[in-house]
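Secondary and tertiary structure notes
Spelled out from the first residue to the last, the chains are:
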Amino acid sequence: MPEYFNNILCISKPELTDGAKPIMSVDAYDKYVLRHPHVRVRRGSPAGPALLNWDLLRADIRQKYIERCGDPRSIGPRYSLANLIETDYKALEFFATWHLPNGKNLSPEHQKEYSTNASVLNAILLIRNDRRAMRKALGGSSKGTWATIAESAIEIKKATGHTLPENPIRLKQRLEMYKSSG
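Here's a quick rundown of the structure.

Reading the values: rules and limits
- Residues numbered from 1 in each chain as written.
- Predicted model: local features only at pLDDT ≥ 70, side-chain atom pairs only at ≥ 80, totals over all residues.
- Heavy atoms only, no water.
- Helix = DSSP H or I, 4+ residues; strand = E, 2+ residues; numbered from the N terminus.
- Buried < 20%, exposed > 50% of the residue type's maximum accessible area, 1.4 Å probe, protein only.
- Contact = heavy atoms within 4.5 Å.
- Areas by Shrake-Rupley, 256 points an atom, 1.4 Å probe, with all protein chains shown as cover.
- Salt bridge = Lys/Arg side-chain N within 4 Å of Asp/Glu carboxyl O.
- Core = buried A, V, L, I, M, F, W, Y, C linked by side-chain atoms within 4.5 Å.

**So, the overall build of the chain**
If you tally the helices and strands in the chain, you get ten helices and four strands. Ordered by position from N to C terminus, the α and β elements of the chain give β-β-α-α-β-β-α-α-α-α-α-α-α-α. Taking all 182 residues of the chain together, the buried fraction comes to 32%. Residue pairs in contact within the chain that sit at least 24 positions apart in sequence constitute 52% of those at least 6 positions apart. Roughly 11500 Å² of accessible area belongs to the chain as shown, and the carbon and sulfur atoms make up 53% of that amount.

Listed below in structure tokens is the structure:
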């Protein structure tokens, strides 16, 4: 799957060299990277595979990739809030086992609401912590950051069912409270 690294669309080495019918052999990949070092954006390591800049790849390699896997430019913006939301299983477990002061558990509706809010706040935290993601989400500008994030949260409100505040200042305060106390 194509990914962005430092705001550069990249293809990983395994995408090019693995599988029954690879786009290129490992030897061809090694020679290609040796002769064209400017194409490699990140060296392979235990942290992740080597990444090659999509725009700097030879045209024939790009064409073979598009035929097999589709156009990587069509994956859409990486850092939209909806794309970053993942279920927070720790929050699900926490709210399922949490007791009110009177000893009762939360209702299933409240458990779902609170864990959904935690998942959305985690996605907002990802955007906020990653400056590049922030710029990408804001279209290259960092002005009006919280207003834009609040708009994104409002857009996904119906799809996710979160109950976070719509006001940018209140949303920022809620995120800070979530970050400090969980």
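**Some points on the pattern of salt bridges**
Evaluation of the coordinates by the stated rule reveals two salt bridges. The partner of Arg58 in a salt bridge is Asp60, and the shortest N-O contact between them spans 2.9 Å. Classification of Arg58 as partly exposed rests on a relative accessible area of 39%.

**Let's talk about the nonpolar core**
In terms of nonpolar packing, the biggest core is built from 21 residues, with Leu81, Ile124, Trp146, Ile149, Leu171 and Leu175 touching the most fellow members. Within the residue set of this core, elements represented by two or more residues are α4 (81-84), α5 (89-97), α6 (108-129), α8 (145-155) and α10 (168-181). Per-element accounting of this core gives the leading share, seven residues, to α6. The contact partners of Leu81, leaving out residues within four places of it in the chain, are Ala123, Ile124, Ile127, Ile149, Ser152, Ala153 and Ile156.

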